[in-house]
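Here's the letter readout for the chains.
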Amino acid sequence: MSKVYDVIIIGAGPAGLSAGIYAGRARLSTLIIEKEKDGGQIVLTSEVENYPGCLEGESGPTLVDRMAEQAKHFGAEKVYDEIIEVNLEGKEKVLKGKKGEYLGKTVIVATGATSRPIGCPGEKTFTGKGVSYCATCDGAFFEDFEVYVVGGGDTAVEEALYLTKFARKVSIIHRRNELRAAKSIQDKAKANPKIDFIWDSVVKEIKGDGIVDTMIIENVKTGELTEVKADEDDGTFGIFVFIGYVPKTKIFEDMLELQKGYIVTDENMNTNIEGVYAAGDIRVKSLRQVVTAAADGAIAAVQAEKYLEQ
Ligand code: NAP
């Protein structure tokens, strides 16, 4: 018979790992289930500037590695599997994965979110062939090339700054004429001689021959279409897309209360089902940051502990 864990955590990003640290430390039998790679969105971040205690040079992957080590140290087990079906009703929660079935008395959902695609023709075809959602992973491929960053939020502008380490020119394409990013980040970007801005514009199509060599941009105010072609010597350019995230809640749709795809919780991370909690970017909240994800994970684990004591 399968082991019944006190706590099963789905997702090994900062929320899930923090929950793992707290649950493990409370001596609860704890299992973290991760689909592919620890860390969630933060591993795509080249520099974490605002998590307390992180000094210059701390990257998403290094921070996450330490969190994972800490969860392991406190006894949280981990498996790599993709959960495809859940039954969260009843005292024993059943999670079906592609590789196995897992049983838990409580479940903490920390599945996070995935990068939002532009949705234009050619985007899928050229993903990994010029189109990227991760500057840390792919920036180095564009050493001395031109790159375009799509988006105007904190992620887009921070990653544009990071990409100036490699690219000879970085153009930020934003659908409005002012950025959403924090003022301090904007100031850095505006002062960087390698960065310029293409305002009021969206990407309509991406084309190429094996790799990206052309992009069509539309000015949303005038409707004017501009064809951006790769420099002849380069033959290609990069398109980095940072236009927000889509929550990973598909498998919970019929069970958990959602709002615009995000899980509704109270301030103690309780969902509408007893013994089921949500933590991190996956839940309805006002600030999606590593620090708030870690806090959510801690609260969820402590709530699970209290529920089990009852
Ligand atoms: P975000 O704040 O939601 O910004 C998304 C950007 O993409 C916005 O500028 C938006 O334009 C644009 N956009 C959305 N859909 C689009 C579409 N279909 N086509 C073109 N543009 C589109 O996302 P984010 O920058 O990834 O940040 C997510 C969260 O993480 C935020 O809360 C952010 O503050 C936080 N974050 C913080 C830091 C930091 O503090 N250092 C770093 C990274 C992320 P509009 O502005 O016109 O809506």
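Attention here is on the structure that accompanies the text. (Residues numbered from 1 in each chain as written. Predicted model: local features only at pLDDT ≥ 70, side-chain atom pairs only at ≥ 80, totals over all residues. Heavy atoms only, no water.)

1. Describing unusual backbone geometry
No. 1: Positive phi is not limited to glycine here, since Asp 200 has a value of about 50 degrees.
No. 2: Here Asp 200 lies in the loop between strand E11 (195-198) and strand E12 (201-209).
No. 3: Given the relative accessible area of 12%, Asp 200 is considered buried.
No. 4: Phi angles above zero are rare outside glycine, and Lys 260 is one such case at about 50 degrees.
No. 5: With respect to the secondary-structure elements, Lys 260 resides in the loop between strand E17 (258-259) and strand E18 (262-263). (Helix = DSSP H or I, 4+ residues; strand = E, 2+ residues; numbered from the N terminus. Buried < 20%, exposed > 50% of the residue type's maximum accessible area, 1.4 Å probe, protein only.)

2. Description of helix H4 (residues 154-163)
No. 1: Judged by how many residues are buried, H4 sits mostly within the fold: 7 of 10 residues are covered.
No. 2: Among all positions of H4, only Ala 156, Val 157, Glu 159, Ala 160, Leu 161, Tyr 162 and Leu 163 are buried.
No. 3: In this fold, the buried residues of H4 make contact with helix H3 (135-138), strand E9 (146-150), strand E10 (169-173), helix H5 (183-191), E11 and strand E15 (238-241). (Contact = heavy atoms within 4.5 Å.)

3. Some thoughts on the pairing of E12
For a regular strand, the rule is simple: side chains alternate between the two faces of the sheet.
No. 1: Across 8 bridges, the pairing between E12 and strand E13 (residues 211-219) is antiparallel. The partner of Glu 205 across the bridge, within E13, is Ile 216.
No. 2: If you look at the hairpin formed by E12 and E13, you'll find 1 residue sitting between the two strands, and Gly 210 has a positive phi there, around 90 degrees. (Pairing = 2+ DSSP bridges.)

4. Notes on the sheet that holds E13
Hydrogen bonding along the main chain pairs the strands of a sheet, whether they run parallel or antiparallel.
No. 1: With antiparallel pairing, 3 strands are arranged side by side in an open sheet as E12-E13-E14. Edge positions in the sheet fall to E12 and strand E14 (225-229), since each has one partner strand and no second. Pairs of neighbouring strands in the sheet enclose a mean axial angle of 25 degrees, with direction left out of account.
No. 2: Strand direction decides the pairing type here: E13 and E14, joined by 5 bridges, are antiparallel. Within E14, the residue paired with Met 215 across the bridge is Val 228. (Axes fitted to C-alpha atoms, helices over the stretch in contact; angles between N-to-C directions.)

5. So, the packing of aromatic side chains
No. 1: All told, the structure shown has 6 aromatic pairs when counted by the stated rule.
No. 2: Summarising the aromatic geometry, the rings of Tyr 162 and Phe 166 are spaced 5.4 Å apart at their centres and angled 70 degrees between planes, so their arrangement reads as edge-to-face.
No. 3: Taking relative accessible area as the criterion, Tyr 162 reaches 16% and is therefore assigned buried.
No. 4: Connected via pairs of aromatic rings, a cluster forms that spans Phe 142, Phe 145, Phe 240 and Phe 242.
No. 5: Positioned above the aromatic ring of Tyr 262, the side-chain terminus of Arg 288 is 3.9 Å from the ring centre. (Phe/Tyr/Trp six-rings, centres within 6.5 Å; stacked < 30°, edge-to-face > 60°. Lys NZ or Arg CZ within 6 Å of the ring centre and 35° of its normal.)

6. Remarks on the pairing of E10
No. 1: Burial within E10 is extensive, with 4 of its 5 residues counted as buried.
No. 2: As paired strands, E9 and E10 are joined by 5 bridges and run parallel to one another. Paired with Val 150 across the strands is Ile 173, a residue of E10.
No. 3: In this fold, E9 hands off to H4, which returns the chain to E10; that crossover is right-handed.
No. 4: Taken together, E10, H5 and E11 constitute a β-α-β crossover, and its handedness is right-handed. (Right-handed = clockwise from strand over helix to strand, strands pointing away.)

7. Considerations on the environment of Gly 90
No. 1: Position of Gly 90 among the secondary structure elements: in the loop between strand E4 (83-87) and strand E5 (93-97).
No. 2: By relative accessible area, which is 48% here, Gly 90 ends up partly exposed.
No. 3: Spatially, the C-alpha atom of Gly 90 lies 8.6 Å from that of Glu 274, the residues being 184 residues apart in sequence.

8. Points about the sheet that holds E15
No. 1: Pairing within the open sheet is parallel, and its 5 strands lie in the order E8-E15-E9-E10-E11. One side of each edge strand has no neighbouring strand; the edge strands of this open sheet are strand E8 (131-132) and E11.
No. 2: As paired elements, E10 and E11 share 4 bridges and run parallel to each other. Following the sheet pairing, Val 170 is matched in E11 by Ile 195.
No. 3: The sheet contacts of H4 involve E9, E10, E11 and E15, and relative to E9 the element is tilted by about 170 degrees.

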